[in-house]
Amino acid sequence: MKKIFTFVMAMMVMAFSMGAKDMDSLLPVRGFAIEAPSVRDVDLFVRFIEEDLAQARVNLLILRVDWNYAYQSHPELQDEHPLTQADVDKLVAACQKNGIRLVPQINLLGHQSWAKETYALLKNYPEFDETPSIRTEEHYSKWPNEYGLYCKSYCPLHPDVHRVVFDVVDEICEAFHSDAFHAGMDEVFYIGMDECPRCKGKDRSELFAGEVNAIRSHLADKGRQLMIWGDRLLDGRTTGLGEWEASYNDTWRAVDMISKDVLICDWHYERADLSAVYFAMKGLPVVSCGYRDPEISIQQVMDMMKFRAQAPDEMKDHLCGYVHTIWSSAGRFLRSYYGMGGNRPGAPRPPRQDGSVEAAKAVLTYFRELAD
Ligand SMILES: [Zn+2]
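Note that the structure is predicted; figures quoted are calculated from it, not measured. Residue numbers restart at each chain and count upward from 1, following the sequence in its written direction. pLDDT decides what is reported in this predicted model: residues at 70 or higher carry local features, side-chain atom pairs at 80 or more are listed and counted, and totals for whole chains, interfaces and linings draw on all residues regardless.

Visitor: Give a description of the pairing of strand 7 (residues 225-229) that names residues and reports values.
Guide: The element strand 7 is extensively covered by neighbouring structure, given that 4 of its 5 residues are classed as buried. Strand direction decides the pairing type here: strand 6 (residues 180-184) and strand 7, joined by 3 bridges, are parallel. If you follow Phe181 over to strand 7, its bridge partner there is Leu226. Regarding topology, helix 8 (residues 204-220) serves as the crossover connection from strand 6 to the parallel strand 7, and that connection is right-handed. Any two strands between which DSSP finds at least two bridges are classified as paired. Helix and strand labels come from DSSP, where a helix needs a run of H or I of at least four residues and a strand needs a run of E of at least two; each type is numbered from the N terminus. Sheet topology places strand 7 next to strand 8 (residues 263-267); 3 bridges connect them, and they run parallel. By the bridge assignment for strand 8, Ile228 is matched with Ile264. Partly exposed residues are those falling between the two cut-offs: more than 12 but fewer than 20 other C-beta atoms within 10 Å of their own, whereas 20 or more means buried and 12 or fewer means exposed, with C-beta atoms placed from the backbone. Seen with its strands pointing away from the viewer, a crossover is right-handed if its path from the first strand over the helix to the second goes clockwise.

Written as structure tokens, this is what we have:
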């Protein structure tokens, strides 16, 4: 902890020496991405917005909602005890009051299952499944497995899939009063599969880009921006970034096929990789994203500011900022963040000891000092 503190202090001194008074110019986007809270944690989450995100001058909050909302257009897709409009209104009000752009996320294309559980879209519409012969309950044991099953995908070429998906996208954007939508689209391992009669033999980069552009166009018609994770747009072998943070499945050429107004959330958790510059040089707006290592996360923030300081104006505009990510549930994260006990009956599991809380605190502290 002392090492982290010393490191953060050193970074702050560097920031001040850069003349860090104008943080909007140094780092225009200062974001936080986390799962949307469950109903019982909404008030605690509002406290986090008001006391912590606002104080740190965070100006973008991406919430993974998925099926945790009482959808009117497709009630069959909602989780048990989903957020209601009244719950969402509290989040919207807290963000609006503090100048935070609130953006909902639903995982599209990939991440339609997790381990042995198939999620609502493919459970209700099994005809959209890219790999219907692979059954999560039966075929998932651990990763890796002989089926290459990490998460299921929907088929982007199914003629009815967008009718359903775009209904819920529109509804969640309206519920959140949002001018943007995050579609996830990370770690898509099942795409262009041989068992899909529509996708078999098709170019996977074209399939991926086609889905990005279809979602983007739908949003653009209503004046909204699309955000996605960047991993499928990086060549995992050439870069050495591997098959998670980058792609082994021939989707990376899509980087030259997607619309230039899609915001790329370029996540790297093992090192402060420099791929944000690659996206910016392709003309795509990009934010760097970190997670559970305080030193790597702060390095990513610093790198982004350094890139901006050194870049020509044309590219500087594409190097937008930094978004910190959290991958445990919001309740679990917040209880750990605030040092609340997690052992009472019915309480969420205790937080992971994975550095994510320390990293979040380091980044928010860094933002706060930058603003002073
Ligand atoms: Zn297909």
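Back to the write-up after that little detour.
Visitor: Explain the packing of helix 3 (residues 42-53) against helix 4 (residues 85-97) to me, using residue names and the numbers behind them.
Guide: Simply put, an axis is a line fit to the C-alpha atoms, just over the touching stretch for a helix, and the angle between two N-to-C directions goes from 0 to 180 degrees. At a minimum axis distance of 9 Å, the contact between helix 3 and helix 4 shows a crossing angle of 5°. Taken as axis vectors, helix 3 and helix 4 run roughly parallel relative to one another. Side by side, helix 3 and helix 4 meet where Val42, Phe45, Val46, Ile49 and Glu50 of the first sit next to Asp87, Lys90, Leu91, Ala94 and Cys95 of the second. For the contact of helix 3 with helix 4, a count of residues per class yields 7 nonpolar, no polar and 3 charged. Orientation is classified from the angle alone, with under 35 degrees giving roughly parallel, over 145 giving roughly antiparallel, 65 to 115 giving roughly perpendicular, and any other angle giving oblique. Whether two residues are in contact depends on their C-beta atoms, placed from the backbone: they are in contact if these lie within 7 Å. Side-chain classes follow a simple rule in which Ala, Val, Leu, Ile, Met, Phe, Trp, Tyr, Cys and Pro form the nonpolar group, Asp, Glu, Lys and Arg form the charged group, and the remainder, Gly included, forms the polar group.

Visitor: Quick one: what's the story with unusual backbone geometry, residue by residue and with numbers?
Guide: Here the bond from Trp143 into Pro144 is cis, since omega is -5°, no more than 30 degrees from zero. Among the secondary structure elements, Pro144 is positioned in the loop between helix 6 (136-139) and helix 7 (161-175). Phi at Asp66 takes a positive value of approximately 45°, unusual for a residue other than glycine. For Asp66, a count of 24 C-beta atoms within 10 Å corresponds to the buried category. Even without a glycine there, the phi angle at Met185 is positive, about 65°. When you line up the elements, Met185 lands in the loop between strand 6 and helix 8.

Any link to function would need more than the numbers given here.
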